Amino acid sequence: MQIRSVLSAALSTVVAATTLTAMASPAQAASNAQTCSPQVTMRGYSDALDKTTYEGALVGDLSSLATDRRGHLFALSDRSKIFALDDRLRPAGVTSLADENGNALDSEGLAIERNGDFLITSELEPSVRRFDQRGRLLGRLPVPDNFRVAPAGHGILNRTLEGLTLDHGGRTLVAAMEGWLTTDGVTTRRFQTWERHGRHDFRLARQWAYTAEPGYGISEIAATGDGRYLVLERSFAVNVGWTAKLYLADPRRATDISDVQALADDEPEVRFAQRTLLADLSGTCPSLGAVSHIPNQANPLIGNVEGIVVVCREHGGRLRLRLTTDDGESASEITRLYDVTVRLPH
């Protein structure tokens, strides 16, 4: 079933403020929103998508979330599937993706253009491809040579372009590297931007540096609408399970490092993006009665959190977010959606 035909019938009433708590059982949602930090509130969660199928496709391996211009919510699976979610966050459409040779992608990041086209990152080459709503490949965007996986460049396999978001009304595309380049320090992450030229042409633009938490990788980013970006970092350790932290990055005064081939952590001659911790999701968020099948999982609410999207701006300037986990098709992992509110610092 193609997404275009589904939208007109099944998604006409979807709005950005759809809540997770409306579909969650009492055991899955807090009766009142609970704070993770002064800036972040966990409003609820749902496991309703866990180990489900739609049109024969597993609704799992979710690596990214995005909304279109009408507020419809989409979930990207890293198994080359995009699911349209209805007003109860249930699958209402699915489309398949493939590369130029008809092969599956390791699809990680998703952004949706104003005309409905999908921009998709793959962390294998890495690449950014454009698809139409039927899943037809329309083309590829240029990627910096040093981002390519060794020996072609200095990227690390499965640690390249992970996060993706559109900013400035769709004129700017921003992607984040999950890991470091082998020429850079191990906590340094590079963000690449593209600027739109004409209707469909994106050209390489500014690149800037960001310092990640030691041992953490960037799993997703989301534009806040004011030149800053939410950055989701996550990690796994045997003794504590999954951990995740939500940061705010401000690159507006950061150095353009497009021509910098090697970059040490906290390089004094380079101004990195300003980074502010909003919440340690695994350390300070309430568990809300959630369960986990992962041994030694410190906070059972938190799993492999991979997707984040801003769905609307609420009264008072708060941002309403959706987050998702990637279950990796594992019996011990859960596909879980979260409903979160963030108040950005000035």
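Whatever comes next refers back to the structure up there.
Cut-offs and rules
Residue positions are given per chain, counted from 1 along the sequence in the order it is written. Totals for whole chains, interfaces and linings use every residue, but because this is a predicted model, local features are given only for residues with pLDDT of at least 70 and side-chain atom pairs only at 80 or more, for both listing and counting. Where side-chain values are given, they derive from all heavy atoms of the structure, hydrogens and water being excluded. Whether a set of points on the 1 Å grid over the protein atoms alone is a cavity depends on a 1.4 Å probe fitting there but being unable to get out, while an open set qualifies as a pocket with protein on both sides within 12 Å along at least five of seven lines; lining residues are those with an atom within 4 Å of a point. Grid points are joined across faces, edges and corners, and a volume is the space filled by probe spheres set on the points. In this count, Pro and Cys sit with the nonpolar residues alongside Ala, Val, Leu, Ile, Met, Phe, Trp and Tyr, while Asp, Glu, Lys and Arg are called charged and the others, Gly among them, polar. Under the DSSP-based scheme used, a helix requires at least four consecutive residues in state H or I and a strand at least two consecutive residues in state E, with every element numbered from the N terminus. Whether a residue is buried, partly exposed or exposed follows from its accessible area with a 1.4 Å probe, protein chains only, as a fraction of its type maximum: under 20%, in between, or over 50%, in that order. Only heavy atoms enter the contact rule, under which two residues are in contact if any of them lie within 4.5 Å. DSSP-based pairing: two strands are paired if at least 2 bridges between them are found. To get an axis, a line is fitted to the C-alpha atoms, and for a helix only the part in contact is used. The angle between two axes follows their N-to-C directions and goes from 0 to 180 degrees.

A.B. asks: So what exactly am I meant to see when it comes to empty space enclosed by the protein here?
C.D. replies: Where empty space is left in the structure can be found by rolling a water-sized probe over the atoms. As enumerated under the stated definition, the model contains two cavities of 30 Å³ or more in all. Of the pockets and cavities examined, the largest cavity occupies roughly 90 Å³. In this structure, the largest cavity is lined by 15 residues; those nearest its centre are Ser 292, Ile 302, Gly 303, Ile 334 and Arg 336. Its residues assigned to classes, the lining of the largest cavity shows seven nonpolar, six polar and two charged.

A.B. asks: Sorry if this is basic, but what is going on with the environment of Leu 319 here?
C.D. replies: Mapped onto the elements, Leu 319 comes out in strand β22 (residues 319-325). By relative accessible area, which is 1% here, Leu 319 ends up buried. Residues Leu 319 and Phe 131, spaced 188 residues apart in sequence, show a C-alpha to C-alpha distance of 28 Å. Not counting residues within four places of it along the chain, the set of residues in contact with Leu 319 comprises Thr 224, Val 310, Cys 312, Arg 313, Val 340, Thr 341, Val 342 and Leu 344.

A.B. asks: Explanation requested: the environment of Thr 67 in the structure shown.
C.D. replies: Take Thr 67: it is sitting in strand β5 (residues 62-67). Measuring from C-alpha to C-alpha, the distance between Thr 67 and Leu 232 comes to 17 Å, with 165 residues separating the pair along the chain.

A.B. asks: Just checking my understanding: could you explain the pairing of strand β6 (residues 73-77) for this structure?
C.D. replies: Remark: a regular strand shows side chains that alternate across the two faces of the sheet. β6 sits mainly inside the fold: five of its five residues count as buried. With burial as the criterion, each face of β6 is covered, one bearing Leu 73, Ala 75 and Ser 77 and the other bearing Phe 74 and Leu 76. Looking at chain direction, β5 and β6 are connected through five bridges and run antiparallel. Bridged to Ala 66 within β6 is Phe 74. From the end of β5 to the start of β6, which pair antiparallel, there are five residues, and Gly 71 there has a positive phi angle of about 90°. Here β6 runs beside strand β7 (residues 81-85); their pairing, made up of five bridges, is antiparallel.

A.B. asks: Hey, could you run me through the sheet that holds strand β10 (residues 118-122) in this one?
C.D. replies: Within a sheet, neighbouring strands are paired by backbone hydrogen bonds and run either parallel or antiparallel to one another. Reading across the sheet, the four strands line up as β9-β10-β11-β12 and stay open at both edges, with antiparallel pairing between neighbours. Taken across any chain shown, the strands that pair with only one partner, and hence form the sheet edges, are β9 (107-112) and β12 (137-140). On average, adjacent strands in this sheet sit at an angle of 25° to one another, irrespective of strand direction. Sheet topology note: the strand β11 (residues 127-131)/β12 ladder contains three bridges and is antiparallel. Directly across from Arg 129, in β12, lies its bridge partner Arg 140.

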